[in-house]
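Remarks on the overall topology
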Amino acid sequence: MGQPVREYLLTLCVTVAVTYLLTGPVRKFAIAAGAMPEIRARDVHREPTPRLGGIAMFGGLCAGLLVADHLQNLNGVFELSNEPRALLSGAALIWLIGVLDDKFEIDALIKLGAQMIAAGVMVMQGLTMLWIPIPGIGTVALTQWQGNLLTVALVVITINAVNFVDGLDGLAAGMVCIASAAFFLYAYRIWFGYGIEPAAPATLFAAILMGMCLGFLPHNMHPARIFMGDSGSMLIGLVLAASAISITGQVDPDTMALFAGGERNATHAMIPVFIPLILPLTIIAIPMADLILAIVRRTWKGQSPFAADRGHLHHRLLELGHSHSRAVLIMYFWSGLIAFGALAYSVHSASMWIVLAIVASSALGLVLLLLPRFTPRAPRWAEFLVPPRYRHAERAAEAAAQDASGREPEPAGPIRVGVAGVNGATAVGPRSRFPDRRKAESTR
């Protein structure tokens with residue numbers, strides 16, 4: 001087991017290094033090519049930022065697959081399965097469409113058609129769902145048309161879910177990295193824990209996807225120097241969907257039950273059987289919820305589901321008063337809680353401690369989510385130890401006036417300490433709405 005771990009680690013490191021090193025030159029190329037769209041109404045950044053970060057991520061994908069093909073243990077994935085070639089074909093197509101969109105702003109319906117074609121290319125090369133496990137029924141074999149349609153639907157939904165959540169610096173890359181880390185641990189356990197060879201491609205895809213995101217994140221964290229654009233968001237969405245399809249539709253769940261001894265053990269062993277049906281949904285639970293809410297919201301208003309707006313979850317976190325960085329970290333927290341919570345439950349489904357830990361973490365997440373609604377105030381005897389923004393309003397106003405004039409101010413009524421536009425991490429008052437900008441024209 002140690003040898004495959006080292007090979008996965010080597011593949012991960014190569015993918016990280018190539019993606020990281022390519023991002024700098026790609027940024028210069030994007031600036032020279034004019035791939036720096038003007039700030040739109042729903043954007044949260046304050047100055048034009050180059051896109052096309054997906055070019056570097058695609059380079060990392062190719063490098064990871066190339067290295068894995070020359071490693072002793074991972075080479076078998078390419079010899080026994082056509083899925084890596086199917087992934088590369090679909091990724092190249094969706095990446096090319098994304099590059100064109102980052103530069104020329106392709107229509108949303110054209111991108112949707114390209115996503116379906118990319119999914120069809122993978123299906124034609126064997127990356128499709130053959131069966132699905134259903135609790136209470138067992139494994140249900142799918143006809144060719146059912147499997148193909150379900151595969152295309154899952155790919156398109158995942159791509160758009162990741163694309164929708166790509167609205168803050170480092171948000172999409174970080175959330176997908178967390179999801180792929182949880183998925184890698186699960187797929188690795190299925191492959192080496194149960195000795196099921198068809199789980200090998202999904203394990204490799206998840207490791208490479210982690211490397212793509214980790215290599216790009218240093219350039220994309222707030223304040224971002226480059227955006228991944230649709231060329232990056234659609235690419236990582238497709239790779240994530242390919243990983244889920246590979247292990248959900250290609251691995252026969254009944255084979256895992258063969259390792260159970262006795263009825264009780266068989267019952268517990270069947271928990272991981274159904275996790276492939278659940279885990280691919282949990283790892284994109286936050287983007288999927290954002291996608292569904294956006295479609296319902298826009299349809300309710302009589303707009304196109306592809307119309308751009310500022311109603312996404314990350315926009316609402318900013319409007320609550322969270323800073324840019326804290327909003328991203330909160331989204332990271334919920335993504336990790338859902339993905340790793342499902343992973344932990346698949347390993348120890350009978351442990352009550354796991355359930356209690358998930359409940360406690362959820363309560364902590366709710367407190368962090370509503371933190372801007374609480375105005376922190378230090379006790380009066382300790383006000384001189386804290387910055388003015390944490391003091392009572394009257395005392396803070398007196399201290400500010402005293403610092404400005406050097407004399408004792410006249411008593412005044414209470415004033416608000418929070419100032420419109422102040423960063424949410426330091427403001428104690430309500431955060432103002434973002435200033436109106438030009439009407440959005442893109443559907444990104």
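Criteria and cut-off values
Residues numbered from 1 in each chain as written. Predicted model: local features only at pLDDT ≥ 70, side-chain atom pairs only at ≥ 80, totals over all residues. Heavy atoms only, no water. Patch = residues over 30% accessible without salt bridge, like charges linked within 9 Å, V, L, I, M, F, W, Y side chains within 5 Å. Areas by Shrake-Rupley, 256 points an atom, 1.4 Å probe, with all protein chains shown as cover. Salt bridge = Lys/Arg side-chain N within 4 Å of Asp/Glu carboxyl O. Helix = DSSP H or I, 4+ residues; strand = E, 2+ residues; numbered from the N terminus. Buried < 20%, exposed > 50% of the residue type's maximum accessible area, 1.4 Å probe, protein only. Phe/Tyr/Trp six-rings, centres within 6.5 Å; stacked < 30°, edge-to-face > 60°. Polar contact = N/O pair within 3.5 Å; in protein donor to acceptor, adjacent residues only side chain to side chain. Contact = heavy atoms within 4.5 Å. Axes fitted to C-alpha atoms, helices over the stretch in contact; angles between N-to-C directions. Parallel < 35°, antiparallel > 145°, perpendicular 65-115°, else oblique. Left-handed = near helix turned anticlockwise from the far one by under 90°. pLDDT = per-residue confidence, 0-100.

A cluster of nonpolar residues, Y345, M352, W353, V355, L356 and V359, forms a patch on the protein surface that exposes about 650 Å² of accessible area. It is helix α14 (residues 352–369) that contributes the most residues to the nonpolar patch, 5 residues altogether. Accessibility expressed as a relative area gives 52% for V359, which makes it exposed.

This part covers the packing of aromatic side chains. Scanning all chains against the criterion turns up 8 aromatic pairs. For the ring pair F58 and W95, a centre distance of 4.5 Å and an interplane angle of 10° mean the geometry is stacked. With a gap of 37 residues between them, F58 in helix α2 (residues 54–69) and W95 in helix α4 (residues 83–104) connect regions that are remote in the sequence. Comparing F58 with W95 shows no difference in burial state: the two are buried.

Attention shifts here to the side chain of T203. Mapped onto the elements, T203 comes out in helix α8 (residues 200–220). A distance of 2.9 Å separates the side chain of T203 from the backbone oxygen of A199, its partner in a polar contact. Those residues in contact with T203, other than ones at most four positions away along the chain, are Y8, F184, A187, Y188 and W191.

Here we take up unusual backbone geometry. Omega for the bond connecting H222 with P223 falls within 30 degrees of zero, at -5°, which places this linkage in the cis form. Positive phi, close to 60°, is recorded for E105, a residue that is not glycine. Here E105 is to be found in the loop between α4 and α5 (108–124).

The geometry of α5 relative to helix α6 (residues 144–165) is characterised by a closest axis approach of 9 Å and an angle of 130° between their N-to-C directions. Classified by the angle between their axes, α5 and α6 sit oblique to one another. Relative to α6, the crossing made by α5 is right-handed. From α5, K111, L112, Q115, M116, A119, G120, M122 and V123 reach across to α6, where they touch N148, T151, V152, V155, V156, I159, N160 and N163.

Here we come to the confidence of the model for the protein. Mean pLDDT over the protein works out to 76, with 67% of the residues at or above the 70 mark. The element-level mean pLDDT for the protein is lowest in helix α10 (residues 263–282), coming to 51, with α2 highest at 96. Across residues 258–268, where pLDDT falls below 50, the model places 6 contacts with residues more than four positions away in sequence or in other chains. Confidence over residues 407–444 falls short of pLDDT 50; this stretch has 73 contacts with residues more than four positions distant or in other chains.

This part is about the packing of helix α7 (residues 171–194) against α8. Relative to each other, α7 and α8 sit at 155°, their axes nearing to 8 Å. In terms of orientation, α7 lies roughly antiparallel with respect to α8. Handedness of the crossing formed by α7 with α8: left-handed. Residues A173, G174, V176, C177, S180, A181, F183, F184, A187, Y188 and W191 of α7 lie in contact with α8, whose contacting residues are A200, A202, T203, A206, A207, L209, M210, C213, L214, F216 and L217.

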